[in-house]
Each structure stands twice: as structure tokens, then as C-alpha cells.
Amino acid sequence: MLNLKYQQARLDCSYIKNNDGYKFRDRITGFTLVEILIVVVIISIAALTAIPMMSSAASMQIRSAANMLTADLEYAKSMAISRAQNYSVVFDASADSYRIEDQNDNVIPHPVKKGFDYEIDFKNDGRLNKVDIVSVDFDSTSKVTFDYLGSPYNGNSTPLNNGVINLQAGSTNTIITVEPVTGYVSIQ
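Rules used in this analysis
Along each chain, numbering runs from 1 in the same order as the chain's sequence is written. Reporting in this predicted model follows two pLDDT cut-offs: at least 70 for local features of residues, and 80 or more for side-chain atom pairs to be given and counted; totals over whole chains, interfaces and linings ignore these cut-offs and use all residues. Each side-chain value is derived from all of the structure's non-hydrogen atoms; neither hydrogens nor water enter the calculation. Secondary structure follows DSSP: runs of H or I at least 4 residues long count as helices, runs of E at least 2 residues long count as strands, and numbering of each begins at the N terminus. Only protein chains enter the calculation, and the probe is 1.4 Å; a residue is then buried if its accessible area is under 20% of its type maximum, exposed if over 50%, and partly exposed in between. The criterion used for residue contact is that any of the two residues' heavy atoms lie within 4.5 Å. At least two bridges found by DSSP between two strands are what make those strands a pair. Between the N-to-C directions of two axes lies an angle of 0 to 180 degrees, each axis being a line fitted to C-alpha atoms and, for a helix, fitted only over the stretch in contact. The way it works is a 1 Å grid over only the protein atoms, where trapped points that fit a 1.4 Å probe form a cavity and open points with protein on both sides within 12 Å along at least five of seven lines form a pocket, and then any residue with an atom within 4 Å of a point lines it. Grid points are joined across faces, edges and corners, and a volume is the space filled by probe spheres set on the points. Remark: nonpolar core denotes a set of buried residues (Ala, Val, Leu, Ile, Met, Phe, Trp, Tyr, Cys) joined through side-chain atoms within 4.5 Å. The term salt bridge refers to a pairing of a side-chain nitrogen on Lys or Arg with a carboxyl oxygen on Asp or Glu at a separation within 4 Å. Given the number of residues in a helix, its expected span is that number minus one, multiplied by 1.5 Å.

Visitor: For this particular structure, what's the right way to read the overall build of the protein chain?
Guide: Regarding its fold elements, the protein chain presents two helices and 11 strands. Helices and strands appear in the protein chain in the N-to-C order β-β-α-α-β-β-β-β-β-β-β-β-β. Residues counted as buried form 32% of the 188 residues belonging to the protein chain. Considering only contacts in the protein chain between residues 6 or more positions apart, those separated by 24 or more positions represent 52%.

Visitor: Would you take a moment to explain the sheet that holds strand S7 (residues 143-146) for this structure?
Guide: Strand pairing in a sheet relies on backbone hydrogen bonds, with the paired strands running either antiparallel or parallel. Pairing is antiparallel across the open sheet formed by five strands, whose spatial order is S5-S4-S3-S7-S8. Two strands bound the open sheet, and with one partner strand each, they are strand S5 (119-121) and strand S8 (152-154). Going from strand to strand, the sheet's axes swing by 15° on average, the running direction of each strand aside. In this structure, strand S4 (residues 97-101) lies alongside S5, joined through three bridges in antiparallel fashion. Note on S5: the bridge partner recorded for Ser97 is Asp121. Relative to strand S3 (residues 87-92), helix H2 (residues 57-83) is tilted by about 150°, and along the sheet it contacts S3, S4, S5 and S7.

Visitor: Got a minute to help me understand the layout of surface pockets in this structure?
Guide: The gaps left among the atoms become clear once a water-sized probe is rolled over them. Taken as a whole, the largest pocket spans an internal volume of roughly 160 Å³. In terms of lining, the largest pocket is formed by Asn86, Ser88, Asp102, Gln103, Asp105, Lys143, Thr145, Asp147, Tyr153, Asn154, Gly155 and Ser157. Breaking the lining of the largest pocket down by element, the ones donating at least two residues are S7 and S8.

Visitor: Quick question: what am I supposed to make of the nonpolar core here?
Guide: In summary, soluble globular proteins display a tendency toward joint burial of nonpolar side chains. Leu73, Phe91, Phe122, Ile165 and Leu167 are the most contacted members of the largest nonpolar core, which totals 32 residues. Counting only elements with at least two residues in this core, the list comes to H2, S3, S4, strand S6 (132-138), S7, strand S9 (163-169) and strand S10 (172-178). Sorting elements by how many residues they give to this core places H2 first, with nine residues. Ignoring any residue separated from it by four or fewer positions in sequence, one finds Phe122 in contact with Ala65, Met68, Asp96, Tyr98, Leu128, Asn129, Val131, Ile133 and Leu167.

Visitor: Honestly, the environment of Val134 in this entry has me stumped. Any pointers?
Guide: Relative to the elements of secondary structure, Val134 occurs in strand S6. Along the sequence, Val134 and Asn166 sit 32 residues apart, while their C-alpha atoms lie 5.4 Å from each other. For Val134, the contacting residues outside a window of four places in its chain are Asn166, Leu167 and Gln168.

Visitor: Would you mind going over the pattern of salt bridges with me for this structure?
Guide: One side chain can pair with another of opposite charge once the charged atoms of both are near each other. Per the stated rule, a full pass over the model turns up six salt bridges. A salt bridge links Lys77 to Glu74, with the shortest nitrogen-to-oxygen separation between them at 3.5 Å. Note that Lys77 and Glu74 are positioned in helix H2 at a spacing of three residues, about one turn of the helix. According to the relative accessible area criterion, Lys77 is buried, its value standing at 13%. Since its relative accessible area comes to 29%, Glu74 is described here as partly exposed. One salt bridge connects Arg99 with Glu101, and the closest N-O pair in it is separated by 2.7 Å.

Visitor: So what exactly am I meant to see when it comes to the pairing of S10 here?
Guide: Regular strands have side chains that alternate between both faces of the sheet. Inspection of the sheet shows S9 paired to S10 by seven bridges, in the antiparallel sense. Paired with Ile165 across the strands is Ile176, a residue of S10. The antiparallel hairpin formed by S9 and S10 contains two residues in its connecting segment, where Gly170 sits at a positive phi of about 65°. Two strands pair when backbone bridges link them, and S10 and strand S11 (residues 185-187) are joined in this way by three bridges, in the antiparallel orientation.

Visitor: How do you make sense of H2 when you look at a structure like this?
Guide: A turn of α-helix holds 3.6 residues, and therefore any two residues three or four places apart point the same way. Counted at 1.5 Å a residue, the expected span for H2 with its 27 residues is 39 Å, and the 38 Å between its end C-alpha atoms agrees. One or two positions beyond H2, positive phi appears at Ala84, with a value near 55°.

Take a look at the structure:
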């Protein structure tokens, strides 16, 4: 029988050429400079996109809080119009919170969160905990009431002359105004 020898297959090897011909050389493992540079560039791009997102958390929160507060003021106004009753939004700037009350000064139930009162507390809401209610001024009161026409009144039950809520998150300030007579709510 023929005495054939087959060379054993080698994985992870390469051929190198020398003067005697080709011979096996174990593969040298490691990363090339190009591979390392590509990884560094990818990590740098990821870091550059993540850093602005983290730094703008306060500005995102203040926009969300301003939009939510504006919607809640509009909700109180629409409830007053649709039910022909007075509805109020009462602020507690020291606790960074507010609530919506009916004409009997009872906090109304939240329309979405069933079983909860309509009270918003920025400090205990992880989505808005960077937002502070700096000041509330409805003719020197912290309460605005809407009547059956949607007209705003201050906490002393007289027609509103000036309604301003000042929110702050980090170095960003946002002012929400409630216009006299019409009750139009805007964000500045």
C-alpha cells in the first residue's frame, strides 16, 4: 500500500515565504492600528451624541413641564366652560406643585390616572424633578379661577389683571402667562 502522508490541517495559521519555500507560521493575534483607530472614532461619536442629551435634560424637562402646566390650565378652563362651574388651579411654589379644584375647593379626580387626585408635584415626579416653580403671580395670589365663560379670576375672586407663572430648570427660565378676560394661556 502506498505510504501517503497528509499534512495535518492547521487552523489559525498563515504561510510565510522564506528561502526554502513556504512554511507555516502561527498567526500573530492582536489589533492593527487601523482597527484601534476605527473603534476610537466610533466611541468618540457615541460620546459626542450622548453628552448633549445629558446636558439638555433640564431644558427638556422645563419644556415638558411648561407644556403640561399649560394643558392643565386649559383643562381647568374647559371644565369650567363645559360644566358651567368655577374651576381653579392652586399653586404651591414652595413645594413646586399645583392642583385643580372644583367650585367647592375639592381637588378633582385625575381624568387619566384613575383613583388619583389632580395634583402635580414636580419634585416627586422623576420626569420633572429638575423643574422649580420660582414664582406664581395672579394679582398677588397663587390661585387662578375660571368661570363658566372661561374668564380668569384671581384668588380674591376679582377679574384677573395679570397672571404669570415662572418656571426654572438649571439656567433655563420659562414664563407662562394667563391673559385677562379671555384666559388665553401662552408660553414665553
